[in-house]
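# Structure at a glance
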Amino acid sequence: MLPFAAVILGAVWLGGLIWFADMASATPPADDRRTDAIVVLTGGRERLPAGLALLADDRADKLFVSGVYAGVEVAELLRLSRQAPAELECCITLGYAADDTRGNALETAAWMREQGYRTLRLVTANYHMPRSLVEFDEALPEIEILPHPVAPPNVYLKEWWRWPGTTALLISEYHKYLAALVRTAIL
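What counts and how
Residues numbered from 1 in each chain as written. Predicted model: local features only at pLDDT ≥ 70, side-chain atom pairs only at ≥ 80, totals over all residues. Heavy atoms only, no water. Disulfide = S-S within 2.5 Å. Pairing = 2+ DSSP bridges. Helix = DSSP H or I, 4+ residues; strand = E, 2+ residues; numbered from the N terminus. Right-handed = clockwise from strand over helix to strand, strands pointing away. Core = buried A, V, L, I, M, F, W, Y, C linked by side-chain atoms within 4.5 Å. Buried < 20%, exposed > 50% of the residue type's maximum accessible area, 1.4 Å probe, protein only. Contact = heavy atoms within 4.5 Å. Phe/Tyr/Trp six-rings, centres within 6.5 Å; stacked < 30°, edge-to-face > 60°. Axes fitted to C-alpha atoms, helices over the stretch in contact; angles between N-to-C directions.

## As for the state of the cysteines
Counted under the stated rule, the structure contains zero disulfides. Just so you know, C90 is unpaired, no disulfide at all, and the nearest cysteine sulfur is the one on C91, 3.2 Å from it.

What follows is the structure, given as structure tokens:
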């Protein structure tokens, strides 16, 4: 009986992983609506340039970067992203308190409420978006969140099972996603 249960549990886990990978690789429909803020979660090179491009394209008045390392300033981020500091520096706020995705959501929630904002465009990696939305929906139930996933060039979600690095990343993110679902369901 125990081997049969293990096989069933393994099949459910694998089916969930396949579903998660498909969800992570799905591109949401383009949404050109303007939001109160753009929120970028640190952790990937493509995230900040995407957020800055959205800000430069007037998709929001403010850009909040959550999870910035202590000591990093706006001008340094702009220089690293090759943007003209004079053009965008006034519209960017850095958050230094978050160490993880849940911390990003809590840090952003405090900032959004302080600003009186009601809508945000969330910029993070496509594989990270499902868990981010769980955490942000929990921390900001009153806020409309528009997902804006970016695709890291070294994460291959099409045929992910052929790429050991991508497979390991997806398994790790899937487990974190499940943990976030369980945590938010019991709190």
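## What about the pairing of strand β5 (residues 144–150)?
Where strand β4 (residues 119–125) meets β5, seven bridges bridge the pair, whose relative direction is parallel. Looking across to β5, one finds that R121 is bridged to L146. Handedness of the β4-helix α6 (residues 129–139)-β5 crossover: right-handed.

## As for the nonpolar core
Counting 19 residues, the largest nonpolar core has I38, L52, L55, L63, V65, I92 and V123 as its most contacted members. When residues of this core are traced back to their parent elements, those giving at least two are β1 (37–41), α2 (47–56), β2 (62–66), α3 (74–80) and β3 (92–95). Counting residues per element, this core draws most heavily on α2, at five residues. Apart from the residues within four sequence positions on either side, V65 is in contact with V40, T42, L48, I92, T93, L94 and G95. In this structure, A105, W111, A139 and I143 belong to the second largest nonpolar core, which totals 17 residues.

## Topic: the packing of aromatic side chains
In this structure the tally under the stated criterion is eight aromatic pairs. Relative to Y177, the ring of W19 has its centre 6.1 Å away and its plane inclined at 45 degrees; by these criteria the two rings are tilted. Taken as a pair, W19 in helix α1 (residues 2–25) and Y177 in helix α7 (residues 164–186) lie far apart in primary sequence, 158 residues in all. Considering the side-chain rings of F64 and W111, the 4.6 Å spacing of their centres and the 15 degrees angle between planes classify their relative orientation as stacked. Taken as a pair, F64 in strand β2 and W111 in helix α5 (residues 101–115) lie far apart in primary sequence, 47 residues in all.

## Let's talk about the sheet that holds β4
Strand order in this open sheet of five strands is β3-β2-β1-β4-β5, and the pairing throughout is parallel. Two strands bound the open sheet, and with one partner strand each, they are β3 and β5. On average, each strand axis in the sheet is tilted by 20 degrees relative to the strand beside it, whichever way the strands run. Two elements, β1 and β2, share five bridges in a ladder whose sense is parallel. Bridged to A37 within β2 is K62.

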